2 protein chains.
Amino acid sequence: MPREFNVAVAGATGAVGIEMIQTLERRNFPVKNLRLLASARSAGKKLTYKGTDITIEELKHDSFKGIDIALFSAGADISKEYVKSVVDAGAVMIDNSSAFRMNDDVPLVVPEVNPEDIKWNKGVIANPNCTTIIMLVAVTPLHRAKKLKRLIASTYQAASGAGAEGMEELLSQTRQALNNEVLTPKFFAHQIAFSLIPHIDVFLEGDYTKEELKMVYESRKMLHCPELKISCTSVRVPIMRAHSESLNMEFVEDITPAEVREILKNAPGVKLVDDIANKRYPMPIEATGQGDVLVGRIRQDVSRDDRKGIDMFICGDQILKGAALNAVQIAELL
Amino acid sequence: MPREFNVAVAGATGAVGIEMIQTLERRNFPVKNLRLLASARSAGKKLTYKGTDITIEELKHDSFKGIDIALFSAGADISKEYVKSVVDAGAVMIDNSSAFRMNDDVPLVVPEVNPEDIKWNKGVIANPNCTTIIMLVAVTPLHRAKKLKRLIASTYQAASGAGAEGMEELLSQTRQALNNEVLTPKFFAHQIAFSLIPHIDVFLEGDYTKEELKMVYESRKMLHCPELKISCTSVRVPIMRAHSESLNMEFVEDITPAEVREILKNAPGVKLVDDIANKRYPMPIEATGQGDVLVGRIRQDVSRDDRKGIDMFICGDQILKGAALNAVQIAELL
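Residues numbered from 1 in each chain as written. Chains lettered and ligands numbered in written order. Predicted model: local features only at pLDDT ≥ 70, side-chain atom pairs only at ≥ 80, totals over all residues.

A.B. asks: Honestly, helix α3 (residues 130–146) of chain B in this entry has me stumped. Any pointers?
C.D. replies: For an α-helix, the turn length of 3.6 residues means that residues three or four places apart are oriented alike. Residue and element names in this part refer to chain B. The terminal C-alpha atoms of α3 lie 24 Å apart, and with 17 residues this matches the ideal 24 Å at 1.5 Å per residue to within 8%. The sharpest bend along α3 reaches about 40 degrees and sits at Val139, with the proline Pro141 one to four residues further on. With 15 of its 17 residues buried, α3 lies for the most part within the structure. Two residues or fewer after α3 comes Lys147, characterised by a positive phi angle close to 60 degrees. (Helix = DSSP H or I, 4+ residues; strand = E, 2+ residues; numbered from the N terminus. Expected span 1.5 Å × (residues − 1). Bend = angle between axes of the 7 residues up to and from the residue. Buried ≥ 20, exposed ≤ 12 C-beta atoms within 10 Å, placed from the backbone.)

Here is the structure:
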């Protein structure tokens, strides 16, 4: 590949698409030409990249001529519809949707977790689900050191996980609630302002949601541990754009909170925020806008008699590390 | 005791105190006379009980002459200061604070869980912490049937748990956030509007918070299971007054989701809300104002190979069942 790349962003006007463009700029990615693609509705509008206005083009099957890297964040259906056109044009698709994540011939990659899997791509690399990325950035270094056996996760997921419309609905509904107006859920199934919804994505086997099972299956694939035991409860909370997760972990080997801190102190993509004496712990307001995953509230699991259990609380920017940043980091590995 | 009772409410102007008065009225508790007590600052103000204005009196050591039952919700320090005066006056103190919960000579009671413990009271009965009450109402019937071995809880606790000031701060901060004003945390340690705080009450042994360890020790005391394994992560979320909890449970005996539903269908204080086909599951907006604890998202724990694990999600009104209603139910048992 050349030292500079022709990059396309499909879904350029979405919450993640906009952040992808800003991340390319912020990280000074070697972009030769940037092509912004979206639906016909957005075509003709302009977005700024490095001080230059770029006109958004309508996404079409012939949009990828000369493109080296195509960042997709326009939903699974769009990714499936255009993947052949992207690959046939000789570009690599880095796909933020769930379309190909579990395909055996598509690597699913978090650069801090399994960068080596990029090598066997056949033109498509998948970006994992946001909660899985955030969890694995924090947990993988512990797994490498002490071998993770079982993980129980409860999530606190921001409105941004449902895209720009989700964030807008949280804001507009909150205004309605403060004004004692009748609330009108449109995008979310139920009221999200001053409430929560323990249901994200569709229900699948065992009455788990697809969102919950992504955590199970994507983690197993990326860690190459088909036997890893994971359960998750995914909950939407009235927060704008950083996801939090309460994790209870069991390891094969003994592990102490001091060891967790030592391991995570220099782990890539991790920022330890675990100074309870000064009331410092991960919070969405601090994670927002940060590329790092914040880790804190590290405790030896008091529900076990041995030293194999750890509780901790983590936060990560869902749009950045949970989506756009991870996709651009994959592009950098290429 | 007489068929009608002289009742005092100490902390009458707080969020829980006001709900205690309304709960006495709503449940038609046999009140002969109602005495409302608060700090000097509130003395002279009036509150309505069954259509009659009652003047709030200043809480003093001689406030309990002739009182049969004194409901306290004015903080642990006030409870400790006045307990002797209450008991010496011949009244029974039902205390919502943490002051006496772990005292060996004070029963800690949830009427649906351990009503028999009321019998050995020596003038003081403690109301458990809100998250413990809500959890035990849902879990005790399962424990009686299949013997609970280990429980991992992650909580989503409403602002009301910090009293009326907490609720007011959530509202005022949310207004500030929507108007792009500078946020001013006063009552909570950090911003709560559109964010969360994984820290409730002070930090204690093992870097767990007091709030988290209450779940451990209060549950063991009420279930008379000193060996019960519990870990908890307590998180304040931007929700007004219903607490939610994500529970992962391990039982000694096999248990299936169908059995959980069968056991909980007729359990006192429990309302099954577990109809995912119709997007029905526990949510704070539905739990608010309800005496029952809502239980749903019941699943066989996918992280286990056996049938001893259950995941579920529960919600309960923190001020009602989590505090005022439970206290009045204790009074009814008397």
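A.B. asks: Could you clarify how one ought to interpret the relation of the copies chain A and chain B in this entry?
C.D. replies: Between the two chain copies there is a screw-like relation: a rotation about an axis and a shift along it. Aligned on chain B, chain A shows an RMSD of 0.0 Å; the corresponding rotation is 180 degrees and the shift along the axis is 0.0 Å. Taken together, the rotation and translation describe the operation of a two-fold axis. A shared binding surface is used by both copies, with 100% of the interface residues of chain A retained as interface residues in chain B. (Least-squares fit on C-alpha atoms with pLDDT ≥ 70 in both. Contact = placed C-beta atoms within 7 Å.)

A.B. asks: Whenever I open this one, the interface of chain A and chain B confuses me. Can you help?
C.D. replies: Interfaces are often sized by the amount of accessible area the parts lose when they come together. Facing 49 residues of chain A, the contacting portion of chain B comprises 49 residues. Those elements that provide at least two residues to the side of chain A that touches chain B are β9 (148–156), α4 (163–178), β10 (229–233), β11 (242–251), α7 (284–287), β13 (293–300) and β14 (309–317) of chain A. Of the residues in the side of chain A that touches chain B, the class split is 25 nonpolar, 14 polar and ten charged. (Nonpolar A, V, L, I, M, F, W, Y, C, P; charged D, E, K, R; others polar.)

A.B. asks: It is not clear to me how the pairing of strand β9 (residues 148–156) of chain B should be interpreted in this structure. Could you clarify?
C.D. replies: In summary, the side chains of a regular strand alternate between the two faces of the sheet. Residues and elements named next belong to chain B. Taken across its nine residues, β9 has seven buried, putting it largely inside the fold. Of the strand pairs in this sheet, β9 and strand β11 (residues 242–251) are connected by eight bridges, and their pairing is antiparallel. Bridge pairing in β11 links Ser154 to Ser246. Alignment of β9 against strand β10 (residues 229–233), held across five bridges, turns out to be parallel. What sits directly across from Ala153, in β10, is Cys232. (Pairing = 2+ DSSP bridges.)

A.B. asks: Got a minute to help me understand the sheet that holds strand β5 (residues 57–58) of chain B in this structure?
C.D. replies: Sheet strands line up and pair through hydrogen bonds in the backbone, either parallel or antiparallel. Residues and elements named next belong to chain B. Reading across the sheet, the six strands line up as β5-β2-β1-β6-β7-β8 and stay open at both edges, with parallel pairing between neighbours. This sheet does not close on itself; its edge strands, each paired only once, are β5 and β8 (124–126). Bridge count between strand β1 (residues 5–10) and strand β2 (residues 31–38): six bridges; the pairing is parallel. When the bridges of β2 are listed, Phe5 appears paired with Val31.

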